[in-house]
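# Per-entry structural report
Letter by letter, the chains look like this.
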Amino acid sequence: MKLKEFSLVLYKTQPAIIAKVDTDKIEIELADGTKKVREKDVEFLHAGPVRALKGVAQATLPPGDLAEAAEFFAGETPSFAEIAELVWGGYPAEAAFAAWKAIAESPYFSATTPTSPVAVRTAEEAAAIIKKNAAKREEGAEREAFAARLKKTLAAAKGGTAPDAAEGGVRLPEDGKFLQDVEALALGKTEKSRTLKEAGLGETKENAHRVLLATGFWPLEKNPWPARYGKSLASSSVPVDEPNDTDERLDLTGLESYAIDNAWSTDPDDAVSFDGKILWVHVADPASTVTPDSSADLDARARGSTLYIPEGAARMLAENSLSFYALGLTETSRALSFGITFTETGAIDSVDIRRTRIRVTRLTYAQASARRAEPSFAPLFAIAERNIARRRAAGAVFIDLPEVHISVDASTPGASVSIERVEDEPAADMVREMMLLAGEAAARFAFKNEIPFQYVSQEEPEFPSDMPEGIAGEWRKRRSMRGRKVGTVPADHAGLGIGMYSQVTSPLRRYGDLIAHQQLHRFLDGKPVMDTDDMLERIAAGDTAARGCTLAERSSNLHWILVYLSRNPDWEAPAVVVDKAGPQATILVPSLAQESRIALGDDVPLNAEIRVRAGNVRIPEQTFSFIPV
């Protein structure tokens, strides 16, 4: 039909009036103004005349039996006009849009445009659509009711209380279906939440976490941080191949070898022994069967490292790797051992790397410290002390700040949280030096033999000229340190005071160490080693994944500290002033190994001890403050 002025048309599903017809364009009036369009851009609805869209918007039609019309036209393809004529008979031009909308949205017809034939749905198809629409309406009503309950729950939570279902608050578990998308957002699985949007809340992880706590969908203890960083709470499920008992290994079972670690360690992967001439640092040997690009290797690369959080460990390698390779869990252990001899000055003289079989005794740091004067231990402590002196002379930075160990007992109601200061132990210093010597020895061995290898370096820090004494000085040292670098080019590690360094002592829990062992195995076997580009690619992938673990661990530790403070509102502890900027101060709380900025008087000096309590603890935001008592 030829369009003329004051005809009613559809433009992008909305009603419009023809205001003017030109040769190649028509001008239409819309609810928000006029617009020039092509004739093919509109669909004819009624010849009119229609003078104002206000009448179209207000037009209504008497009830019509569309089901009866569908039955009448069954098997046919009537036009919109034929259906409208049957259902309503005559009607004013302004009501044409209401008629079209009723037919187009009807479950009985499938209509695309007012000028196209209309398909008539079967009774079964119409019934299915009616059922679906009813379900949608029911869901909409349920969501509206839930939104009201959620609003009441959140309002009450701000006041420190939460209404139960009987008082009109959120009802669990039945309301849980509306909180699924909130949980997905809180865990970092999505960036959207229909529930939060409909509640008028920002679609943020913090808001999602807050809602889940307020409604009781999550307990206070729920730790979302590993999931947010893409980390699994389960150990690798890819089994590690069992080692070959017939492989050739140097028998060092006659030496007294000791795996010394924290009391809570469950995956011992290094041990030390001294035969009177050679210092042996023995390291777990999973690389003997976890070969490059094997299934276990690929999974370890994706994880980057073992994830250690207060709830437990999610291991980089499958649990069966411990029974095969952890040191001291069986009568004899397999190791990749670094034999080191020294010059008279304590520098490394020679390095021998061998596959070995050893007999290991496990000890805690405290147990080893108590035996430091015994003949089996005294040489180890002496070597360590000499190495400390050597590194200190080379500019190594030693930082002594408090550390804590956080553990969670999930078997207790509410998961009890334990925060313990890590005590200084001479044996911990000794083991650290043994591991540094092994890393330096491996780096020198690789460089001498032109093996592409993982090297760790660190640029020299810039310390302020007014470095304070005491714990404030230790804090300032840490703030001045530069980030480490990992690559295939050896460089100084200024922080350690070592000219060439690699990490090789934790292949069960650090992917970079596993790569280093894989490369050493190839060299020892006379096989082609991985080239520099290949090593760089593997190192980068593992290091990126490992950084995710570090962030997840840091956030998880803070999460449990905040849970602990929330449960203990009367908590108080000493704090030390470590930095000042006018009335603003940075304090360090040794019992939590946490720092914060607070307002203090100008007359409070560095290293002053004050007493603080915790306030404004917000678990979703991971924020809190220390308040002077």
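Here goes a summary of the coordinates provided. Keep in mind the model is a prediction, meaning the values are calculated, not measured. (Residues numbered from 1 in each chain as written. Predicted model: local features only at pLDDT ≥ 70, side-chain atom pairs only at ≥ 80, totals over all residues. Heavy atoms only, no water.)

## Observations regarding the side chain of Asp-267
The following threshold applies: Strands are runs of DSSP state E lasting at least 2 residues, helices are runs of H or I lasting at least 4, and numbering of each runs from the N terminus. The cut-offs for exposure are 20% and 50% of the maximum accessible area for each residue type, with area from a 1.4 Å probe on protein chains only; residues under the lower value are buried, those over the upper are exposed, and the others partly exposed. Polar contacts here mean pairs of N or O atoms no more than 3.5 Å apart (in protein, one a potential hydrogen donor and the other a potential acceptor; neighbouring residues in sequence count only if both atoms are side-chain atoms). Any two residues having at least one pair of non-hydrogen atoms within 4.5 Å are treated as being in contact.
With respect to the helices and strands, the residue Asp-267 is situated in the loop between β9 (257–261) and β10 (270–274). A relative accessible area of 4% means that Asp-267 is categorised as buried. In terms of polar contacts, Asp-267 uses its side chain to reach the side chain of Tyr-308, at 2.4 Å. Discounting residues that sit within four places of it in the chain, Asp-267 has contacts with Tyr-308, Arg-315, Leu-322 and Arg-509.

## Quick word on the packing of helix α16 (residues 511–524) against helix α17 (residues 532–567)
Note the cut-off: Here the axes come from fitting lines to C-alpha atoms, over the contacting stretch only for helices, and the angles between their N-to-C directions go from 0 to 180 degrees. To sort the angles, those under 35 degrees are grouped as roughly parallel, those over 145 as roughly antiparallel, those from 65 to 115 as roughly perpendicular, and the leftovers as oblique.
Orientation of α16 relative to α17, taken along the N-to-C sense of each, is 155°, at an axis distance of 9 Å. Comparing the axis directions of α16 and α17 gives the class roughly antiparallel. When α16 is examined against α17, the residues Tyr-511, Ile-515 and Gln-519 are found in contact with a partner set consisting of Met-535, Arg-538, Ile-539 and Gly-542.

## Some words on helix α13 (residues 378–393)
Put simply, the test is: Each residue after the first adds 1.5 Å to the expected span of a helix.
Here α13 contains 16 residues, and its C-alpha end-to-end distance of 23 Å stays within 8% of the 22 Å for a straight helix at 1.5 Å per residue. Tucked inside the fold, the buried residues of α13 contact β10, β11 (279–284), β14 (333–342), α12 (365–370) and α14 (426–448). Gly-395, located one to two residues past α13, shows a positive phi value of around 95°.

## What about the sheet that holds strand β2 (residues 14–21)?
Rule in force here: Strands were regarded as paired on the criterion that DSSP finds at least two bridges between them.
The five strands are arranged β4-β3-β2-β1-β5 in an open sheet whose pairing can be described as antiparallel. The open sheet is flanked by β4 (33–37) and β5 (43–46), the only strands paired with a single partner. The average angle at which neighbouring strand axes cross in this sheet is 40°, direction not considered. By the bridge criterion, three bridges tie strand β1 (residues 8–11) to β5 in an arrangement that is antiparallel. Bridging across to β5, Leu-10 finds its partner in Glu-43.

## Some details on empty space enclosed by the protein
Definition in use: Cavities and pockets are found on a 1 Å grid laid over the protein atoms alone: a cavity is a set of points where a 1.4 Å probe fits but cannot escape, a pocket is an open set with protein on both sides within 12 Å along at least five of seven lines, and a lining residue has an atom within 4 Å of such a point. Grid points are joined across faces, edges and corners, and a volume is the space filled by probe spheres set on the points. In the scheme used here, Gly and all other residues not listed as nonpolar or charged are polar, with Ala, Val, Leu, Ile, Met, Phe, Trp, Tyr, Cys and Pro taken as nonpolar and Asp, Glu, Lys and Arg as charged.
Under the counting rule described, the total for this entry stands at one cavity of 30 Å³ or more. In this structure, the largest cavity occupies an estimated 30 Å³ of space. The set of elements that each furnish at least two residues to the lining of the largest cavity consists of α5 (123–158) and α7 (194–198). Across the lining of the largest cavity, the residue classes break down as three nonpolar, one polar and two charged.

## Observations concerning a negative patch on the surface
The condition that has to hold: In this scheme, patches are assembled from residues that exceed 30% relative accessible area and form no salt bridge. Like charges are connected within 9 Å, while nonpolar side chains (Val, Leu, Ile, Met, Phe, Trp, Tyr) are connected within 5 Å. Throughout, the Shrake-Rupley method with a 1.4 Å probe supplies accessible areas, and for residues the shown protein chains are the sole cover considered. Counted as salt bridges are all cases of a side-chain nitrogen of Lys or Arg within 4 Å of a carboxyl oxygen of Asp or Glu. As used throughout, the charge tally considers Lys and Arg to be positive and Asp and Glu to be negative, leaving His and the chain termini uncounted. The location of each charge is read from NZ of Lys, CZ of Arg, CG of Asp or CD of Glu.
There is a patch of like negative charges on the surface, built from Asp-400, Glu-403, Glu-423 and Asp-424. The residue Glu-423 is located in the loop between β18 (416–421) and α14 in this model. Here Glu-423 falls in the exposed class, since its relative accessible area comes to 56%.

## With respect to the pattern of salt bridges
According to the stated counting rule, one finds 41 salt bridges in the structure shown. The salt bridge partner of Glu-191 is Lys-205, with a shortest N-O separation of 3.6 Å. Note that Glu-191 is positioned in the loop between α6 (180–186) and α7 and Lys-205 in helix α8 (residues 205–215), a separation of 14 residues in sequence. Given the relative accessible area of 52%, Glu-191 is considered exposed. Within the structure, one salt-bridge network assembled from shared partners comprises Asp-267, Asp-269, Arg-315, Glu-319 and Arg-509.

## Brief notes about the nonpolar core
The test is simple: As used here, the term nonpolar core means buried Ala, Val, Leu, Ile, Met, Phe, Trp, Tyr and Cys residues forming a set that is joined through side-chain atoms within 4.5 Å.
Ranked by internal contacts, the top residues of the largest apolar core, which has 39 residues, are Ile-260, Met-434 and Phe-453. Those elements giving two or more residues to this core turn out to be β9, β11, β14, β15 (348–358), α12, α13, α14 and α16. The element that contributes the greatest number of residues to this core is α14, accounting for twelve residues. Apart from the residues lying within four places of it in its own chain, the contact partners of Phe-453 are Ala-442, Ala-443, Ala-446, Gly-487, Thr-488, Ser-502, Val-504, Ala-516, Gln-519, Leu-520, Met-535 and Ile-539.

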